Amino acid sequence: MRLTPELARWQEVIEQHAKEYGLDGYETIFELLSYDELNEVASFGGFPTRYPHWRFGMQYEQLSKGYEFGLSKIYELVINNDPCYAYLMTSNPLVDQKLVMSHVYGHNDFFKNNAWFAPTNRKMMDEMANHATKVRRLVDRIGLEKVEEFIDTALSLENLIDRMSPYRGSTRSVPNKNEPASTDPHRLPSKDYMESFINPPEVMEQERARREQAEEEKQKQSMPRPERDILSYLIENAPLQSWQVEILEIVRSEAYYFSPQGMTKIMNEGWASYWHQKIMTKKVLQDDEVIDYADTMAGVISASGAALNPYQIGLALYHDIEERWNTGRHGLDFDNCSDLKTKAAWNTKANAGREKIFEVRRHHNDITFIDEFLTEDFCHRHKLFTYGWNPQTQQREITTRDFPAVKEGLLRQLTNAGDPVIEVVDANFNNRGELVLRHRFEDSELEAPFAKATLTNVQSIWNRPVLLETVIDDRPVRYRAEEGRIELENID
């Protein structure tokens, strides 16, 4: 539904203020949806259409129940696309609509200008529609049950990608298995009537067998280096049918599209919150909207128990960076100052804060953002802490407020978007074509139920035994998946 004249007018006003502040995004298109329509789009990840799968229906039911029982509400929904699409809920009051529009212009600027979004497909709206068409055609040809079952398997592996590969100058290419096989023998040019003499069938068959054997031996050789993009490795080397390759390629391309959003959640939400706060309080908020705005804002940036609120921490860090660079409270001179009174009153009046936060927005992701700009003073002021399970009291408790431990715990939580790092290290273990995966253990054990389920799905694709090396209780072990069974082995 198109925007009402009043909302269209406010969009023009807010867009103009965003440009005056220096925000530079793609063309923004807002659509007005009912709560039911908005839940449907949200269940598709913000896209109006996706391939058919029960997962989207389940997410729709969860969102609908959360809204109906007052447990959750969608305020913003915006897509990294050119043009940028965003959605407003018809039942929201005007102050919320203005807040969301201001927030969206912050996201739009971040999508366009942050370096970690540069490799993403800016026409993903069209690509998602193409994926939906491909899967529906496969359903018509292969059958709904088989296709949906394989999508279940593929989706369980969607985080087994190399998130850094798009930034290393080249992305691993996936061969098209529909092309003629490379094992076809070389034929000498000949006329039709001379074909059986120039290229004898028995010689061609021997050559084909030789090439197939050579290719098989090549694939069985040990890995020259660990491979992080497990999805790509399975597409290239697993015994898959062409339609299965097509589905894995769809899941993999969508995983890479969404990856930067997981890598910049704190920065992205903090940036959008910073600018909606600035535009609302300085430009468009009216007197009779102050209380409603404050109530909504409090809900957005409130601390949610022990969980990290990306809106809160991101917004606070941008304000802290702006303040530090405005007053010159950074660098060697400030850090080396030992006089507490001088340090407390430090102000060089550099006024470089706005320029600095734009620079930060362009170059950083969440890990570098936290590593570079989270200070001990910030940590104490915002009461950050780490927590863990106390077996004596049978509840979670604060374990420490020590700054190095808090920062290390936060960085570990953000590394690889919180997912364990798994790599392919051998494709021919013990010369039996068994696939070996290795968990890069960093003081955090795998969650056994999820690890076993994922390993079973990898094994169903590889069609040979698959092993996963990890650490449990400080001892190296190996999960072995074979024909639907999982066994645990010690590594000598």
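Before any of the text, the structure's been laid out above.
Residues numbered from 1 in each chain as written. Predicted model: local features only at pLDDT ≥ 70, side-chain atom pairs only at ≥ 80, totals over all residues. Heavy atoms only, no water.

Within the protein, the secondary structure is distributed over 20 helices and nine strands. Viewed in the frame of its principal axes, the protein has a C-alpha envelope of about 90 × 60 × 45 Å. Scored against the burial criterion, the 492 residues of the protein give a buried share of 45%. Across the protein, contacts joining residues at least 24 apart in sequence account for 71% of those joining residues at least 6 apart. For the protein, the computed accessible surface area is about 26,200 Å², with 49% contributed by carbon and sulfur atoms. Placing the 58 positive and 80 negative side-chain charges of the protein at their respective mean positions leaves the two points 3 Å apart. (Helix = DSSP H or I, 4+ residues; strand = E, 2+ residues; numbered from the N terminus. Buried < 20%, exposed > 50% of the residue type's maximum accessible area, 1.4 Å probe, protein only. Contact = heavy atoms within 4.5 Å. Areas by Shrake-Rupley, 256 points an atom, 1.4 Å probe, with all protein chains shown as cover. Lys, Arg positive; Asp, Glu negative; His and termini not counted. Charge placed at Lys NZ, Arg CZ, Asp CG, Glu CD.)

What follows deals with a negative patch on the surface. A surface patch of like charges, here negative, comprises Glu-442, Asp-443, Glu-445, Asp-473 and Asp-474. With respect to the element layout, Asp-473 can be found in the loop between strand S7 (466-472) and strand S8 (475-482). Look at Asp-473 and you get exposed, because its relative accessible area is 59%. (Patch = residues over 30% accessible without salt bridge, like charges linked within 9 Å, V, L, I, M, F, W, Y side chains within 5 Å. Salt bridge = Lys/Arg side-chain N within 4 Å of Asp/Glu carboxyl O.)

With that settled, consider the sheet that holds S8. Spatially, the five strands line up as an open sheet ordered S5-S6-S7-S8-S9, and their pairing is mixed. The sheet is open, and its two borders are formed by strand S5 (422-429) and strand S9 (485-490), each paired with just one other strand. When the angles between neighbouring strand axes are averaged without regard to direction, this sheet yields 25°. The strands that helix H9 (residues 230-237) touches are S5 and strand S6 (434-439); relative to S5, the one it contacts most, it runs at about 30°. (Pairing = 2+ DSSP bridges. Axes fitted to C-alpha atoms, helices over the stretch in contact; angles between N-to-C directions.)

This paragraph deals with the nonpolar core. Judged by nonpolar contacts, the single largest core of 55 residues is most densely connected at Phe-30, Leu-88, Trp-271, Tyr-318 and Phe-369. When residues no more than four places from it in sequence are discounted, the contact partners of Phe-30 are Leu-3, Gln-11, Ala-86, Leu-88, Met-101, Val-104 and Tyr-105. Formed by 46 residues, the second largest nonpolar core is a distinct cluster that contains Leu-155, Ile-161, Ile-235 and Val-466. (Core = buried A, V, L, I, M, F, W, Y, C linked by side-chain atoms within 4.5 Å.)

The phi angle of most residues is negative, glycine excepted, and most peptide bonds adopt the trans form. Residue Pro-83 is bonded to the preceding Asp-82 through a cis peptide linkage, with omega at 5°. Mapping Pro-83 onto the fold places it in the loop between helix H3 (54-68) and strand S2 (84-89). Positive phi outside glycine occurs at Asn-430, with the angle close to 55°. Position of Asn-430 relative to the elements: it lies in the loop between S5 and S6. Phi is positive for Asn-431, which is not a glycine, with a value near 60°. Within the secondary structure layout, Asn-431 lies in the loop between S5 and S6.

Following both chains from N to C, one finds helix H1 (residues 5-20) and helix H11 (residues 265-284) inclined at 110°, their axes separated by 11 Å at the closest point. One way to sum up the angle between H1 and H11 is to call them roughly perpendicular. When H1 is examined against H11, the residues Trp-10, Val-13, Ile-14, His-17 and Ala-18 are found in contact with a partner set consisting of Ile-279, Lys-283 and Val-284. Here the contact of H1 with H11 is built from residues that sort into six nonpolar, one polar and one charged. (Parallel < 35°, antiparallel > 145°, perpendicular 65-115°, else oblique. Nonpolar A, V, L, I, M, F, W, Y, C, P; charged D, E, K, R; others polar.)

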